[in-house]
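Read off the chains here:
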Amino acid sequence: MIIRQAHDRDADCIASIYNHYVRIGGATFDKDPWTIGQTRQLLNGSDSGLWVVACQNEDSLSSQLDGWASARPFSVRHGYRFSLESAVYVNDQSKRRGIGRQLMEALIETCQQQSIHYLMARIVAGNEGSIDFHRRLGYEVIGTQKEVGHMDDQWLDVVLLQKLL
């Protein structure tokens with residue numbers, strides 16, 4: 001498994017992996033799938049943050065990515081410049097092979113190299129697998145935002161986790 005920085009050419013596969021989770025629900029509050037253009041903007045914009053992808057080898061086509069992770073600003077205010085929100089998504093066919101952990105470990109290392117001090121994760125309450133996953137990576141639960149999201153005609157809570165680097 002190769003973990004590398006994401007490139008513009010990865011936008012289609014990053015969107016495809018993410019859009020699977022938009023379709024099935026429960027992991028994101030997005031309703032509309034990401035377009036390739038939107039994903040390129042996320043990768044290359046002024047507040048793009050840090051992105052890593054997993055693939056089988058250096059020659060893998062971007063369409064063969066196994067997953068991706070990002071750490072992006074959750075606020076544009078100057079005081080938050082060393083604090084990012086992390087996310088990780090694994091291709092549905094690549095689950096349960098440790099790829100998510102490898103991606104997050106690489107992302108955390110990249111964040112440390114960039115002098116990032118704080119990572120947060122916001123996880124839909126009830127997604128115990130994701131909460132446990134983050135806890136195993138050293139994130140700690142710091143609270144729950146009650147009924148902060150509204151999807152499929154219901155109010156949803158979000159669990160907040162943090163990791164100090």
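Details of the structure are given in the entry above.
Just so it is clear, the structure is predicted and the values come from calculations on it, not from any experiment.

**Student:** Can you help me understand helix α1 (residues 11–24) in this one?
**Tutor:** Think of an α-helix as turning once every 3.6 residues; residues three or four places apart then point the same way. With 14 residues, α1 should reach 20 Å at 1.5 Å per residue; the first-to-last C-alpha distance of 20 Å fits that figure. Burial runs high along α1: 10 of the 14 residues are buried. Buried residues along α1 sit in contact with α2 (36–44), β2 (50–55), β3 (67–73) and β4 (83–90). Positive backbone phi, at 75 degrees, marks Gly25, one or two positions downstream of α1.

**Student:** Can you walk me through the packing of helix α3 (residues 99–113) against helix α4 (residues 128–136) in this structure?
**Tutor:** Think of two packed helices as two axes; the pair is described by the angle between the axes and how far apart they sit. Look at α3 against α4: their axes get within 11 Å of each other, and the N-to-C directions meet at 45 degrees. The orientation of α3 with respect to α4, classified from their angle, is oblique. Note on packing geometry: the crossing formed by α3 with α4 is right-handed. Here Gly100, Arg101 and Met104 of α3 come into contact with α4, specifically with Phe133, His134 and Arg136. Residue classes in the contact of α3 with α4 are distributed as two nonpolar, two polar and two charged.

**Student:** Hey, could you run me through the packing of aromatic side chains in this one?
**Tutor:** Two descriptors summarise a pair of aromatic rings, namely the distance from one centre to the other and the angle between the planes of the rings. A complete count under the given rule lists nine aromatic pairs for this structure. An angle of 20 degrees between the planes, with centres 3.9 Å apart, marks the rings of Tyr18 and Trp34 as stacked. Taken together, the residues Tyr18 in helix α1 and Trp34 in the loop between α1 and α2 connect sequence positions 16 residues apart. For the residue pair Tyr18 and Trp34, the accessibility class agrees, reading buried in each case.

Cut-off values and rules
- Residues numbered from 1 in each chain as written.
- Predicted model: local features only at pLDDT ≥ 70, side-chain atom pairs only at ≥ 80, totals over all residues.
- Heavy atoms only, no water.
- Helix = DSSP H or I, 4+ residues; strand = E, 2+ residues; numbered from the N terminus.
- Expected span 1.5 Å × (residues − 1).
- Buried < 20%, exposed > 50% of the residue type's maximum accessible area, 1.4 Å probe, protein only.
- Contact = heavy atoms within 4.5 Å.
- Axes fitted to C-alpha atoms, helices over the stretch in contact; angles between N-to-C directions.
- Parallel < 35°, antiparallel > 145°, perpendicular 65-115°, else oblique.
- Left-handed = near helix turned anticlockwise from the far one by under 90°.
- Nonpolar A, V, L, I, M, F, W, Y, C, P; charged D, E, K, R; others polar.
- Phe/Tyr/Trp six-rings, centres within 6.5 Å; stacked < 30°, edge-to-face > 60°.

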